[in-house]
Amino acid sequence: MQHDGSVPHLAPWRALVLYLVVGLLWFGAGDAVMPYVVSEHELFVWLQRMQDYVFVLASGCYAAWLVYRTQQAEQRRAVARQALASNEEQLRLALDGSGSGMWDWDMLQRRHTFSQGVASMMRYQGDNFARDFRFKSRLHPEDRARVGQEARRALQTGCPFAVTARVRCFDGQYRWFEARGTRHLDEQGAAARFSGIITDKTQQREEQERLRLAATVVDNASEGIVVTDANSTILWTNAAFSRLLGYAPNELEGKRPSVFKSGLHDKAFYDAMWRTLHQRGHWRGEIWNKRKNGEIFPERMSLSAVQDAQGHTTHYVCMFTDISEEKQREEQLQRMAHCDELTGLGNRNWFTQELTRSVQEAGQRGEQMAVILLNLDRFKDVNDSYGHAVGDEVLRHIARQVQSALHPGEVIARMAGDEIVVLARQLGQVEDASVIAERLIQAAAQPWKSPDGFAIVVSVSAGICCYPLHADNASALVQGAHAAVYGAKEGKGASSLWCFFSEDMTLAARERIALESRLRNALEQGHLQLFYQPQIEIASGALVGCEVLMRWLDPVEGMISPARFIPVAETTGLIGPLGEWVLDQACRQVQTWHNQGLPDVSVAVNVSLHQFLLTDIAGYVRQALKASGLPAQRLELEITESALAERPEEALLVLRALKELGVGLAIDDFGTGYSSLAHLKRFPIDLLKIDQGFIRDIPHSADDMAISRAVIAMGQSMGMQVLAEGVETAEQLEFLRQHGCNFYQGYLCSRPVSAADFAQLLQAEAQRRHQSGQAPMFEI
């Protein structure tokens, strides 16, 4: 301390020396001077006594003055120490509050000191961080050399030390940290200390990486992207925008999107679009726009509003894709709805409809019919040997030959790649079907001659299934013909070229037929039941919907798994009436709950692949909604990825027909099948369902958590909602809540229950909403 008064300079030994010197001078001078000045003895004695008293009094005052000064100095030192401690505490709090910590290396004593913030950032749980923390060993192997080089440079040159590296924390995870510091020299100019601060940069690095990836995705996206301000002034466009519309980069900045309006839409269209955008925050649909060269083309556009923390719209983001080719394909599909493109024959759907109608008429008239399936033997060898172009020509030739051999009343179609089917009606007897089969086989055996002069002959095997001898419905007839074809190839028929369907062909076929019969009886006798599993909104905890699950309680065998009887229903055609029954019962039950005053919920019904592509699912839905009175927006249909990937163009037409009815559409078990994002963005899907296989091991599986996060983020970015299946633990639910998943279902909430038990859940939900004052909700 340099300004605490004289006491620090005198005390302690200087004050003592001063006291002795003054005392010696006082008494020495008195004894030497007074004998010459005072001659009277009594006066001399009195003056000596006074001399003693004066010295005692003066020395006492001096001592009191020293004590006073010492107390003053001590008080100032105490205040200084308190201020220093306060400053150090403020510095520590500031460092901890900023997410940083202090480190110090005493190079003379080889001792490290760290603030509490460093231990917290390193996830340390022990009692001596400086002892347990070994910086070099915890550095990532790829960063050690670089960090060491920077440290040596700072110590040698005095340059500031600044480095960012990965450090393995005490929980075993590597995180990014930024360290900044400088060296401190002693009086001899040697490095004595090395200190600074350290900051956790993990979140910042992750955010930067996400921003970089997002920018890369946007810049390289195939969709055109336009960003405007709140006044619809164009601020930015990506490269795809320039490619699709023909404008140079930045050419439209400062202008409005009206410059590329097509003029094909009236004011009412745009008013409805903006009204939806303002109400929901996004709009998605098809629109016609104009390129720079004046060409008008169709787009599939998604327009979203970007809002700030106060809910005010600050920007609009528009994404669009040119769907000109898609429109052309749709038109072509419409033309080909009942026609095979390669051969010109009827296709599978058309033949199924025609066969169904013929079966109904034959049943009324008591007629016999036969389905004759022609399968080209080793047709793959033709494609492999001569190429697919020649194979297509051969297939067209065979189709023409078989078609020319038909008699009046016989119907022909192409079922699959190397299969042609013929329906022979009004048979006199079953044996007549074999005569027809031989006629068709002979026609198909006519050689195809190429322009180069070589000939190709393809042998044919025929399977025959008769009505009503072998089957009594369209699906069973086709299935029986398929089984008979394999019987012909295996030589089980009366001829080496054709074979009648037989019940004893395979044990599996007999079991399927028996199960089909029992399934029909179960449907008629009420052995099939519907169970309902609740679907919960994660944000509010409200019960907003349910998924319908079918159960078969057989009086003899007991509970029969859907995995066993659903495939039979699909292959036999029973999936149609079974699906109609499920839709009808589910819609009626949900509307019944509504009529009872229970909270409104949506109902999700699974639609199988065969039901989706081979039946009039849109017609079923329309009838079920009309019969039950259930609003369309409270019905959701769940389609698997395989149904969409099987025939995407046909699937798109079916989805659009369903969407026109107003029902919701969901992809079930998303991620377990053929996930094509190119197809997904085309389909009018409202909800993605994360398969329970990705939820089961959360939070123990990093892969499952990454997949679930990706599905949630993708669904949100595409304007879809996301539901997680199979949620069984609170940890799984918390993970989904943190990452923005909208809904969940699983045993954590409830197992599938009967309609009566589900009604009790709805009553409990009504009480919960009443107590919390929550408004009714039902849409997923």
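What counts and how
Residues numbered from 1 in each chain as written. Predicted model: local features only at pLDDT ≥ 70, side-chain atom pairs only at ≥ 80, totals over all residues. Heavy atoms only, no water. Helix = DSSP H or I, 4+ residues; strand = E, 2+ residues; numbered from the N terminus. Contact = heavy atoms within 4.5 Å. Areas by Shrake-Rupley, 256 points an atom, 1.4 Å probe, with all protein chains shown as cover. Phe/Tyr/Trp six-rings, centres within 6.5 Å; stacked < 30°, edge-to-face > 60°. Buried < 20%, exposed > 50% of the residue type's maximum accessible area, 1.4 Å probe, protein only. Lys NZ or Arg CZ within 6 Å of the ring centre and 35° of its normal. Disulfide = S-S within 2.5 Å. Pairing = 2+ DSSP bridges. Axes fitted to C-alpha atoms, helices over the stretch in contact; angles between N-to-C directions. Salt bridge = Lys/Arg side-chain N within 4 Å of Asp/Glu carboxyl O.

A short note on the overall build of the chain
Right, on to step 1. The helix and strand inventory of the chain stands at 28 helices and 26 strands.
Right, on to step 2. Pairs at least 24 residues apart make up 61% of the contacts formed inside the chain by residues separated by at least 6 positions.
Right, on to step 3. In the structure as shown, the chain presents an accessible area of about 41500 Å², 53% of it carried by carbon and sulfur atoms.

Concerning the packing of aromatic side chains
Centre-to-centre distance and the angle between the planes together describe a pair of aromatic rings.
Right, on to step 1. As enumerated under the stated definition, the model contains 21 aromatic pairs in all.
Right, on to step 2. Aromatic pair Trp 274 and Tyr 316: ring centres 5.3 Å apart, planes at 85 degrees, arrangement edge-to-face. Taken together, the residues Trp 274 in helix α10 (residues 267-280) and Tyr 316 in strand β10 (residues 313-322) connect sequence positions 42 residues apart.
Right, on to step 3. According to the relative accessible area criterion, Trp 274 is partly exposed, its value standing at 28%.
Right, on to step 4. A connected cluster of aromatic rings, assembled from ring pairs, spans Phe 114, Tyr 124, Phe 129, Phe 133, Phe 135 and Phe 170.
Right, on to step 5. Positioned over the ring face of Tyr 747 is Arg 751, at 4.0 Å from the centre of the ring.

Looking at the state of the cysteines
Right, on to step 1. Here the structure, examined in full by the defined rule, presents zero disulfides.
Right, on to step 2. Cys 465 takes part in no disulfide bond, and the closest cysteine sulfur, belonging to Cys 466, lies 6.8 Å away.

Remarks on the sheet that holds strand β8 (residues 282-290)
Right, on to step 1. Pairing within the open sheet is antiparallel, and its five strands lie in the order β7-β6-β10-β9-β8. Each end of this open sheet is capped by a strand with a single partner; those strands are β7 (234-237) and β8. Going across the sheet, the axis of each strand differs from the next one's by a mean of 25 degrees, ignoring polarity.
Right, on to step 2. Pairing of strand β9 (residues 296-307) with β10, which is carried by nine bridges, proceeds in the antiparallel orientation. Bridging across to β10, Met 301 finds its partner in Phe 320.

Focus: the pairing of strand β24 (residues 687-690)
Right, on to step 1. Here β24 shows no split at all, with Leu 687 and Lys 689 on one side and Leu 688 and Ile 690 on the other all buried.
Right, on to step 2. Of the pairings in the sheet, the one linking strand β23 (residues 664-670) to β24 comprises three bridges and is parallel in character. If you follow Ala 666 over to β24, its bridge partner there is Leu 687.
Right, on to step 3. As judged from the four bridges shared by β24 and strand β25 (residues 721-724), these two strands associate in the parallel manner. Counterpart to Leu 687 in the pairing with β25 is Gln 721.

Considerations on the pattern of salt bridges
Right, on to step 1. All told, the structure shown has 43 salt bridges when counted by the stated rule.
Right, on to step 2. One salt bridge connects Arg 634 with Asp 600, and the closest N-O pair in it is separated by 3.5 Å. With Arg 634 in the loop between α21 (617-628) and β22 (635-640) and Asp 600 in the loop between α19 (575-595) and β21 (602-607), this pair connects stretches of sequence that are 34 residues apart. For the pair formed by Arg 634 and Asp 600, the shared burial category is buried.
Right, on to step 3. Linking Lys 689 and Glu 725 is a salt bridge whose minimum nitrogen-to-oxygen distance equals 3.2 Å. Of this pair, Lys 689 sits in strand β24 while Glu 725 sits in the loop between β25 and α27 (730-738), placing them 36 residues apart in sequence.
Right, on to step 4. Here Glu 725 falls in the buried class, since its relative accessible area comes to 8%.

Things to note about the sheet that holds strand β3 (residues 161-168)
Right, on to step 1. The sheet built from five strands is open, its strands ordered β2-β1-β5-β4-β3 with antiparallel pairing. For this open sheet the edge positions go to β2 (111-114) and β3, each flanked by a neighbour on one side alone. On average, each strand axis in the sheet is inclined to that of its neighbour by 25 degrees, with strand direction left out of account.
Right, on to step 2. Bridge count for β3 against strand β4 (residues 174-185) is eight bridges, and the pairing is antiparallel. Bridging from a neighbouring strand, Val 163 pairs with Ala 179 of β4.
Right, on to step 3. Packed on one face of the sheet, helix α7 (residues 144-157) meets β1 (100-106), β3, β4 and β5 (191-200) and runs near 150 degrees to β3.

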